[in-house]
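Below are the chains, spelled out letter by letter.
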Amino acid sequence: MHINRERLLDRFLQYVKIGTTANPNTQDYPSSRGQWLLGELLVKQLRSMGIEDAEQDVHGLVWGTVPATCPGPVPTILLNAHLDTSPEAPGDHCKPEVIEPYSGGDIPLANGDKIELAHSPELASLVGKTLVVTDGKTLLGADDKAGVASIMEVANYLIERPNIPHGPIRILFTCDEEIGRGTRHFDLSKAGAIAGYTLDGGASGTIDVETFSADLATIKFYGHNTHPSVGKGKMVNAIKAASLFVASLPIDRLSPETTCNREGFLHPYVFHGSVSEASVQVLLRDFDTAKLADHADLLRQLAEDMQQGDKRLRIEIHIEEQYRNLGDKLREFPLAADLAEQAFRKLGRTSKRDAIRGGSDGSLMSHLGLPTPNLSVGQYNIHSTKEFACLDEMVQAVEHAVVLAELWAQQGRF
Ligand SMILES: [Zn+2]
């Protein structure tokens, strides 16, 4: 299979130069103008490939279809990537630099910083490959423009080769995934697909088949304020109560700092307070969805104990659902991950199934009715100015998606 790596790289470099940082401080959708601009460009490029139904909808989502090349009822699959980049690092004025080939060791960046091998051990297996880095002042945005560029190349490759048999391939570029709004305007019937794949992962050969299940707990503390001069016996300080509560959470277990692999946690991450009122937000995470209730019970027990200690204090706990383990749905429709695995085998590559210690748009799409595992696309050190991408792994992702499309046409008939 000959993937046009120059064209793939050109597109990737073009996309990362358009700043699309998601902005959590606005309710606009999408949350940044760059996402509109990148979306417009993608529609133009899809149309010039011959994808006539390419459109940017009223919410900024980009849709298009690579038409089927084989007759009869063949299942439709969907490929997805997100247009926005993380607000955790600056994203505007990205200056990508191509390292061709990477010869090993630390990678010096233009601003004097460096990507250290010691902190990025994956580099050891990427010697001889083509990498893309920034000047150290911004993130690269390979999360998820590596996915966007790879999907564009899949479309282009298949359009140029109508002799490759495949069913309809829906393309969907979503907005504001990084701030949890990626599926806000996802339309299942418009997708019209039997399975989906997010191309939003790291090292080659990984199929993410599980995510955390997630709830958000908001704990409110109501105290009593007086002038400090006359506080004796009257004042109840909500800040102190909230602080004691946070301090009473487990420290040596059930925290992000002390867990890994399949262990869940409770993670206090937002704290607001005054003497009369304070609130703490705690993320509850576990692969086992049922365990979220245990984590919530622990919070309730701690709150109960505190209130017993000072009856004047009032504590309220509110729990809201955020997302559920992708694996809960993929187990009901194993073909989505099975064919991804088969496609790797057909390419003579090893693959592994993995679990994301976080969420993905795929977990939300799966629970809306579209089973959607996540595939690797060569992103590394995401959400950071030391982010880098591996072009060779983007090429591999394109090859994998092409074979996957063929496999669905051969085996996915219902
Ligand atoms: Zn991403």
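Each value, and the rule that gives it
Residues numbered from 1 in each chain as written. Predicted model: local features only at pLDDT ≥ 70, side-chain atom pairs only at ≥ 80, totals over all residues. Heavy atoms only, no water. Core = buried A, V, L, I, M, F, W, Y, C linked by side-chain atoms within 4.5 Å. Buried < 20%, exposed > 50% of the residue type's maximum accessible area, 1.4 Å probe, protein only. Helix = DSSP H or I, 4+ residues; strand = E, 2+ residues; numbered from the N terminus. Contact = heavy atoms within 4.5 Å. Polar contact = N/O pair within 3.5 Å; in protein donor to acceptor, adjacent residues only side chain to side chain. Donors = N, O, S within 2.8 Å, 3.2 Å for Na, K, Ca; no water. Tetrahedral: all angles 85-135°; square planar, octahedral: opposite > 155°, others 65-115°. Domains from an automatic or database assignment. Salt bridge = Lys/Arg side-chain N within 4 Å of Asp/Glu carboxyl O. Expected span 1.5 Å × (residues − 1). Arc of directions from axis to C-beta. Pairing = 2+ DSSP bridges. Axes fitted to C-alpha atoms, helices over the stretch in contact; angles between N-to-C directions.

### Observations regarding the nonpolar core
Generally speaking, soluble globular proteins have nonpolar side chains that are buried together. Within the largest apolar cluster, 79 residues are counted, with the highest numbers of intra-cluster contacts made by Phe 12, Leu 46, Phe 173 and Tyr 197. At 12 residues, helix α10 (residues 391-411) tops the list of elements feeding residues into this core. Excluding residues that lie within four positions of it along the chain, Tyr 197 makes contacts with Leu 78, Leu 79, Asn 80, Ala 336, Leu 339, Ala 340, Thr 372, Pro 373, Leu 375, Leu 404 and Trp 408. The next biggest cluster of nonpolar side chains, apart from the first, holds 23 residues, and it includes Phe 245, Leu 266, Leu 299 and Ala 303.

### Let's talk about the side chain of Ser 376
On the secondary structure map, Ser 376 appears in strand β16 (residues 374-376). What makes Ser 376 buried here is its relative accessible area of 8%. A distance of 3.1 Å separates a polar side-chain atom of Ser 376 from the backbone oxygen of Ala 203. Looking at Ser 376, its side chain comes within polar contact range of the main-chain nitrogen of Thr 206, at 3.2 Å. Those residues in contact with Ser 376 that lie beyond four places of it in its chain are Gly 201, Gly 202, Ala 203, Ser 204, Gly 205, Thr 206 and Ala 397.

### Concerning the coordination of the zinc ion
Binding of the zinc ion to the protein goes through His 82 (NE2), Asp 143 (OD), Asp 200 (OD) and Asp 200 (OD), at separations of 1.9 to 2.4 Å. Of note is the zinc ion, whose 4 donor atoms meet at the metal with angles of 55 to 143° in an arrangement that counts as irregular. Mapping the donors of the zinc ion onto the primary sequence gives the spacing H-x60-D-x56-D. Of this pair, His 82 sits in strand β3 (residues 77-82) while Asp 143 sits in helix α3 (residues 142-160), and the two are 61 residues apart along the sequence. For Asp 143, a relative accessible area of 5% puts it in the buried group.

### Topic: the domain arrangement of the protein chain
Here the protein chain is described as being made up of domain 1 (5-211 + 325-411) and domain 2 (213-323). Counting from both sides, the interface comprises 11 residues of domain 1 and, opposite them, 11 residues of domain 2. The interface formed by domain 1 and domain 2 holds 1 salt bridge in total. Remark: the boundary between domain 1 and domain 2 carries 9 residue pairs in polar contact (both at pLDDT 80 or more).

### A word on helix α8 (residues 335-346)
The α-helix winds at 3.6 residues per turn, so residues separated by three or four positions along the chain end up facing the same way. The terminal C-alpha atoms of α8, which comprises 12 residues, lie 16 Å apart, in line with the 16 Å expected from a rise of 1.5 Å per residue. Within the sequence span of α8, burial applies to Ala 336, Ala 337, Leu 339, Ala 340, Ala 343 and Phe 344. On an axial view of α8, the arc spanned by its buried residues comes to 165°, and they lie on one face. Residues of α8 that are buried sit in contact with β9 (195-201), β10 (206-210), α7 (326-330), β15 (352-355), β16 and α10. Downstream of α8 by one or two residues, Gly 348 has phi in the positive range, about 75°.

### Looking at the sheet that holds strand β14 (residues 314-323)
Pairing is antiparallel across the open sheet formed by 4 strands, whose spatial order is β12-β13-β11-β14. Of all strands in the sheet, those bounded by a partner on one side alone are β12 (265-273) and β14. Here the strands of the sheet are splayed against their neighbours by 20° on average, with no regard to which way each runs. Pairing of strand β11 (residues 213-222) with strand β13 (residues 277-286) involves 10 bridges; the strand directions are antiparallel. In the sheet register, Leu 216 faces β13, and the bridge partner there is Leu 283.

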